[in-house]
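# Examination of the molecular architecture
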Amino acid sequence: MAHQWRGVIREYAERLPTLAGAPVVTLNEGGTPLIQAERLSAMVGAQVWIKYEGLNPTGSFKDRGMTTAISVAAQKGAKAVICASTGNTSASAAAYATKAGMTCAVLVPEGKIAMGKLSQAIAHGATLLQVDGNFDACLEVARKLAESYPVELVNSVNPARIEGQKTASFEIVDALGDAPDIHCLPVGNAGNITAYWRGYREYATETEGTGGPLPAVATKTPQMWGFQAAGSAPIVAGHPIDDPETIATAIRIGNPASWQQAETARDDSGGRIEAVSDAQILAAHRILSAEEGIFVEPASAASVAGLLQVHEAGGVPEGATIVCTVTGHGLKDPQWALRGADGSDIEPVKISAEAYAAASELGLQ
Ligand code: AN7
């Protein structure tokens, strides 16, 4: 058989010492495209690349951390896993638990998760509990359950999640030949910015691998630029937000579990964490789909919205190499594509089944 990508645990085995000896539960996640974004590059005067994490097996970056979290849970003999989720974690946990032969329960904020993600959790056989409360309340309940009952918590407070998610940085450096100057990503519960920063740091120094010391691969680490949705921007505000709001439901989080680690990533990298409005998120969503050919869910577009915001403020260094992670697929939450820039619904044109009718509608002569 020709070579195919084997999933992040096998591809980066020597850099995942905590996974050594664990059974590998994988759906061959990772190995996602790093796509050159010509239009965005021209817009900001830099070399912009998009890391398209929506192309993971369940359609989001969560799969990188779920392969590791579920593998470690399997090694411990766990039979059941639990998570709180704004949607993508639950979809991923449900799929990987199924692969491992475990049961999965997910706690989601009622009415605040996208239909695609809800469908995935149900399709993969998870027990879905809709909680009368937001994500932060769900996470509190999940943590208490895992403390008192025989279930493994697979939220990003589980260290195995961060280990798996750091592999995205490895892939970027492997593709570019060195670390970028700047890395932009959306911030919700702040696990991902924590994981990327760890990955970049490990690749820029000699680190201990499973078979001994591994040489540095990168000559530098990037500035980490994180972006929260304006109605859910606790790190920017400097205090938890009791009633977070944003159309980007994936990052509708008021009290991120990895808050401190996100601040460390920002400060140690010389980066920034800023807020972007829902309107900016939707504008970036449209640029990605209509100008770059990349369909993402709204939360994912926060990275690009943030880059454009910093550019408008004159903060993007000319010619810099910049990677924006887009974290989830557009099909998760497709309704946003069906609205015009003015917020009105886009109605598809109807015609009779005649070539002339199509030609006339298309303005063909
Ligand atoms: C598409 O699924 O928190 O800052 O419960 O689904 O690591 O939390 C999702 C988060 C960005 C934020 N983009 O990442 C969950 C959940 C998408 C996401 C984030 C999420 P973190």
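Now for a quick tour of the structure. (Residues numbered from 1 in each chain as written. Predicted model: local features only at pLDDT ≥ 70, side-chain atom pairs only at ≥ 80, totals over all residues. Heavy atoms only, no water.)

### A few points about the overall build of the protein
The number of helices and strands found in the protein is 14 helices and 12 strands. For the protein, whose C-alpha radius of gyration is 21 Å, the value lies close to the compact-globule estimate of 21 Å for 365 residues. In terms of its C-alpha atoms, the protein occupies a principal-axis envelope of roughly 65 × 55 × 45 Å. The buried share among the 365 residues of the protein stands at 54%. For the protein, contacts bridging at least 24 residues in sequence account for 71% of all contacts bridging at least 6. Accessible surface for the protein amounts to roughly 15300 Å². Of this, 52% is attributable to carbon and sulfur atoms. Here the protein contributes 26 positively and 39 negatively charged side chains, and the mean placements of these two sets differ by 6 Å. (Helix = DSSP H or I, 4+ residues; strand = E, 2+ residues; numbered from the N terminus. Rg over C-alpha atoms; globule rule 2.2 N^0.38 Å. Buried < 20%, exposed > 50% of the residue type's maximum accessible area, 1.4 Å probe, protein only. Contact = heavy atoms within 4.5 Å. Areas by Shrake-Rupley, 256 points an atom, 1.4 Å probe, with all protein chains shown as cover. Lys, Arg positive; Asp, Glu negative; His and termini not counted. Charge placed at Lys NZ, Arg CZ, Asp CG, Glu CD.)

### Here we look at the site of the ligand
Near the ligand there are 23 residues, and of these Asn88, Gly188, Asn189, Ala190 and Thr327 occur at the shortest range. Between the ligand and Thr89 there is a distance of 2.8 Å, counted from an oxygen atom to a backbone nitrogen or oxygen. A distance of 2.8 Å separates an oxygen atom of the ligand from a polar backbone atom of Gly188. In isolation the ligand has 470 Å² of accessible area, and contact with the protein removes 98% of it. Of all elements in the fold, only α4 (88–100) and α9 (191–203) reach the threshold of two or more residues within the shell around the ligand. Among the residues making up the shell around the ligand, the classes are represented as 9 nonpolar, 12 polar and 2 charged. (Near = heavy atom within 4 Å. Polar contact = N/O pair within 3.5 Å; in protein donor to acceptor, adjacent residues only side chain to side chain. Nonpolar A, V, L, I, M, F, W, Y, C, P; charged D, E, K, R; others polar.)

### Quick notes on the pattern of salt bridges
According to the stated counting rule, one finds 16 salt bridges in the structure shown. Among the salt bridges present, the one from Asp267 reaches Arg266, with a minimum N-O distance of 2.8 Å. Residue Arg266 is classed as buried on the basis of its relative accessible area, which comes to 19%. A network of salt bridges, in which partner residues are shared, links Lys51, Glu53, Arg64 and Glu171. (Salt bridge = Lys/Arg side-chain N within 4 Å of Asp/Glu carboxyl O.)

### A closer look at helix α5 (residues 115–123)
Taken together, the buried positions of α5 are Lys117, Leu118, Gln120 and Ala121. End-on view of α5: buried residues confined to an arc of 160°, all on one side of the axis. For α5, exposure combined with an orientation more than 90 degrees from the buried face picks out Met115, Ile122 and Ala123. Just beyond α5, the residue with positive phi is Gly125, at close to 85°. (Arc of directions from axis to C-beta.)

### Details of the pairing of strand β5 (residues 127–131)
Consecutive side chains along a regular strand alternate between the two faces of the sheet. As defined by bridge partners, strand β4 (residues 103–109) adjoins β5 across 5 bridges and the pair is classed as parallel. Looking at β5, one finds that Leu107 is bridged to Leu129. Handedness of the β-α-β unit built from β4, α5 and β5 comes out right-handed. (Pairing = 2+ DSSP bridges. Right-handed = clockwise from strand over helix to strand, strands pointing away.)

### Regarding unusual backbone geometry
Its identity is not glycine, yet Asn28 carries a phi of approximately 60°, on the positive side. Along the chain, the position of Asn28 falls in the loop between α1 (8–11) and β1 (34–36). Even without a glycine there, the phi angle at Ala190 is positive, about 75°. Within the fold, Ala190 resides in the loop between β7 (182–186) and α9.

### As for the state of the cysteines
Taken as a whole, this structure holds 0 disulfides when the rule is applied. The cysteine Cys83 is free of any disulfide, with Cys104 supplying the nearest cysteine sulfur at 5.3 Å. Residue classification places Cys83 among the buried residues on the basis of a relative accessible area of 0%. Here Cys184 stays unpaired: no disulfide links it, and the sulfur of Cys324, its closest cysteine neighbor, is 4.1 Å away. Exposure remark for Cys184: the relative accessible area of 0% places this residue in the buried category. (Disulfide = S-S within 2.5 Å.)

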